[in-house]
Amino acid sequence: MPGIRGALSKAVARRPLARLTVLGALAVAAFLAIGTAVAAASDSRDGTAAAGSGVLDVVEVSGFLDPIMADFIERSIEQAAAKGSLGLVLQVNSPLAIIEDERLVELAARIRSSDVPVYMWVGPSGAVATGAVGQLAGVVDDLAVAPGSELGDLGPLILPAEHLAEPFADAYPTMQDRTVSSAETIELGLAREAPTLGFFVIDLPGFETEIDATGDEPVRVPVSAVRFAKLSLIDQFMHTAASPALAYLLFLAGAGLLVFELYTAGVGLAGGLGALSFLLGCYGLAELPARGWAVGLLLVAMFGYGVDIQTGVPRVWTGIATVCLTVGSLTLFDGVSLSWVTLVAGLIGVTAGMVTGMPAMVRTRYGTPTIGREWMIGALGVARDEVDPEGVVVIDGAPWRARTQRATPIAEGDSIRVMALEGLVLTVEPADDGGGADAAAGDGLGDGDTAG
């Protein structure tokens, strides 16, 4: 598997940056193809392993329990049963379930009705199984926790009480509003201690071991095989996009790049990358418990920054945008807190980029080698495309956004004269024929050259 990942990383690194504008379609196709190949290789290895003294399946449940992870658990149960596995171990480190209550009940019912035993190990050390995820610990066949791990803060009971194991049902009031340590779970009779996954699986029913006496002291070693499974590449990609920090940052970065693209001539790399980031951020926010009005504040912030970017200097809209960005970021999720590192990156990064960086980049992209721009009043140029009422014109070989004076349409290729300059937008009008000839020569569009 590391070799596959390394090859993929090198292959991606060699792709030209210009192809990022179609990254979404290419990524989906690549992930599906690779996922199929990996699955085929995995099936081949699984068949070989099953020929031994039994196989125990282990799946990693990390991050939030979202629909992708819930479907993965159910598929793993079905595959373990189909392959005659000794059982399925859920290696859990998950602080929250973000699936609907009905979906959680369905998942718990699937665990209880499984044809193979389903176990849970909360580990490694420092792992948690809290919120509705912790309630699933009440329906598994065996539970173990690593030292330093925690279980609890379960919240209101979602699963039917009669489906919970008796010790878990008795201890539920204790764990409803607080977490309990690994030592407390053992005292309450909920779990047994297992410092590592290996310590847990060797005591599971049907798992074969033997005593190795070749060393100084006899050691118990496994004979049965352990088969690990993780999310496919594309599922892992989408599961990661639904993490709070990444969804928040992708949303802001994508929106910022789209705002930048609004003030450039044509659709380029920033637009493609911004659209992809924005869509992934929207997907993550849709999966997470995001407040709709807080997302709206973030959009208002981007609109406000965009208004003042056009003027080139911070004004009242910049202040409104900064307030909306701050309030929207701090209240974005219901029941989920963003780390201060994520908030600092989002707030300071967007504010600095929109107030100072973005206007400078726009000026650079539209600017000319001349520092002062007063000379542009009266300058002649050519319309690169139709200006009705806005479009792009070329002055001295550089593209500029322009709007017509008195709403007089200007056709593509017609000569123009600059009448005024407001921020980064020119006000232009059609030039006479003589001026047009001079403009074409001054713009450097002769001899087969094109603007842009």
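Placed above this text is the structure.
Residues numbered from 1 in each chain as written. Predicted model: local features only at pLDDT ≥ 70, side-chain atom pairs only at ≥ 80, totals over all residues. Heavy atoms only, no water.

A. A look at the overall build of the protein. The number of helices and strands found in the protein is 15 helices and 16 strands. Burial status across the protein gives 40% buried among its 452 residues. Of the contacts formed within the protein by residues at least 6 apart in sequence, a portion of 66% connects residues at least 24 apart. For the protein, the computed accessible surface area is about 21900 Å², with 60% contributed by carbon and sulfur atoms. (Helix = DSSP H or I, 4+ residues; strand = E, 2+ residues; numbered from the N terminus. Buried < 20%, exposed > 50% of the residue type's maximum accessible area, 1.4 Å probe, protein only. Contact = heavy atoms within 4.5 Å. Areas by Shrake-Rupley, 256 points an atom, 1.4 Å probe, with all protein chains shown as cover.)

B. Quick peek at the sheet that holds strand 7 (residues 179–181). Pairing is mixed in the open sheet, where three strands are placed in the order 4-6-7. Edge positions in the open sheet fall to strand 4 (128–130) and strand 7, since each of these has one partner strand only. Averaged over neighbouring strand pairs, the angle between their axes works out to 20° when direction is ignored. (Pairing = 2+ DSSP bridges. Axes fitted to C-alpha atoms, helices over the stretch in contact; angles between N-to-C directions.)

C. Representation of a nonpolar patch on the surface in the model. A surface patch of nonpolar side chains, amounting to about 440 Å² of accessible area, comprises V300, F303, V316, W317 and I320. When residues of the nonpolar patch are traced back to their parent elements, those giving at least two are helix 12 (292–311) and helix 13 (316–330). When residues in the nonpolar patch are grouped by element, the largest group, three residues, is from helix 13. Mapping I320 onto the fold places it in helix 13. (Patch = residues over 30% accessible without salt bridge, like charges linked within 9 Å, V, L, I, M, F, W, Y side chains within 5 Å. Salt bridge = Lys/Arg side-chain N within 4 Å of Asp/Glu carboxyl O.)

D. Quick peek at the pattern of salt bridges. As enumerated under the stated definition, the model contains twelve salt bridges in all. Residue R103 is joined to E74 by a salt bridge in which the shortest nitrogen-to-oxygen separation is 3.0 Å. Placement of the pair is R103 in helix 4 (residues 101–112) and E74 in helix 3 (residues 67–82), with a sequence separation of 29 residues. Taken individually, R103 and E74 each receive the classification buried, so the pair is uniform in this respect. Because the salt bridges share partners, they merge into one network encompassing D71, E74, R103 and E106.

E. Expanded view of the side chain of S277. Within the secondary structure, S277 is located in helix 11 (residues 269–287). Ignoring anything within four residues of it in the chain, the contact list for S277 reads L250, F251 and G254.

F. Broad picture of the packing of helix 3 against helix 4. Direction vectors running N to C along helix 3 and helix 4 enclose 15°, while the axes themselves pass 10 Å from each other. In this view, helix 3 runs roughly parallel relative to helix 4, as classed from their interaxial angle. Crossing handedness for the pair helix 3 and helix 4: left-handed. Contacts from A70, D71, I73, E74, I77 and E78 of helix 3 reach helix 4 at R103, E106, L107, R110 and I111. Among the residues forming the contact of helix 3 with helix 4, the class breakdown is five nonpolar, no polar and six charged. (Parallel < 35°, antiparallel > 145°, perpendicular 65-115°, else oblique. Left-handed = near helix turned anticlockwise from the far one by under 90°. Nonpolar A, V, L, I, M, F, W, Y, C, P; charged D, E, K, R; others polar.)

G. Here's a closer look at the sheet that holds strand 5 (residues 142–145). In spatial order, the strands read 8-5-3-2-1-11; together these six strands make up an open sheet with parallel pairing. Across the chains shown, the open sheet's two edge strands, defined by having one partner strand only, are strand 8 (192–193) and strand 11 (225–229). Lying on the sheet, helix 3 is in contact with strand 1 (55–62), strand 2 (88–93), strand 3 (118–122) and strand 11; it crosses strand 1 at an angle near 180°.

H. Structural detail: the pairing of strand 10 (residues 219–222). Here strand 9 (residues 209–212) runs beside strand 10; their pairing, made up of four bridges, is antiparallel. Directly across from E210, in strand 10, lies its bridge partner V221. The antiparallel pairing of strand 9 with strand 10 creates a hairpin that spans six residues between the two strands.

I. Geometry of the environment of L257. Its place among the elements puts L257 in helix 10 (residues 244–262). Judged by relative accessible area, which is 28%, L257 ranks as partly exposed. Expressed as a C-alpha distance, the spacing of L257 and G274, which sit 17 residues apart in the sequence, is 4.8 Å. Dropping the residues within four chain positions of it, L257 is found in contact with A270, L273 and G274.

J. View of the packing of helix 9 (residues 233–241) against helix 11. Look at helix 9 against helix 11: their axes get within 8 Å of each other, and the N-to-C directions meet at 75°. Classified by the angle their axes make, helix 9 and helix 11 are roughly perpendicular. Together, F237, M238 and A241 of helix 9 and L280, Y283 and G284 of helix 11 make up the contact between the two elements. Class assignment for the residues of the contact of helix 9 with helix 11 results in five nonpolar, one polar and no charged.

K. Region of the structure containing the environment of G292. The topology assignment puts G292 in helix 12. Through-space distance from the C-alpha of G292 to that of G328 is 9.8 Å; in sequence the pair is 36 residues apart.

Scope: geometric values only; no functional claims are made or implied.
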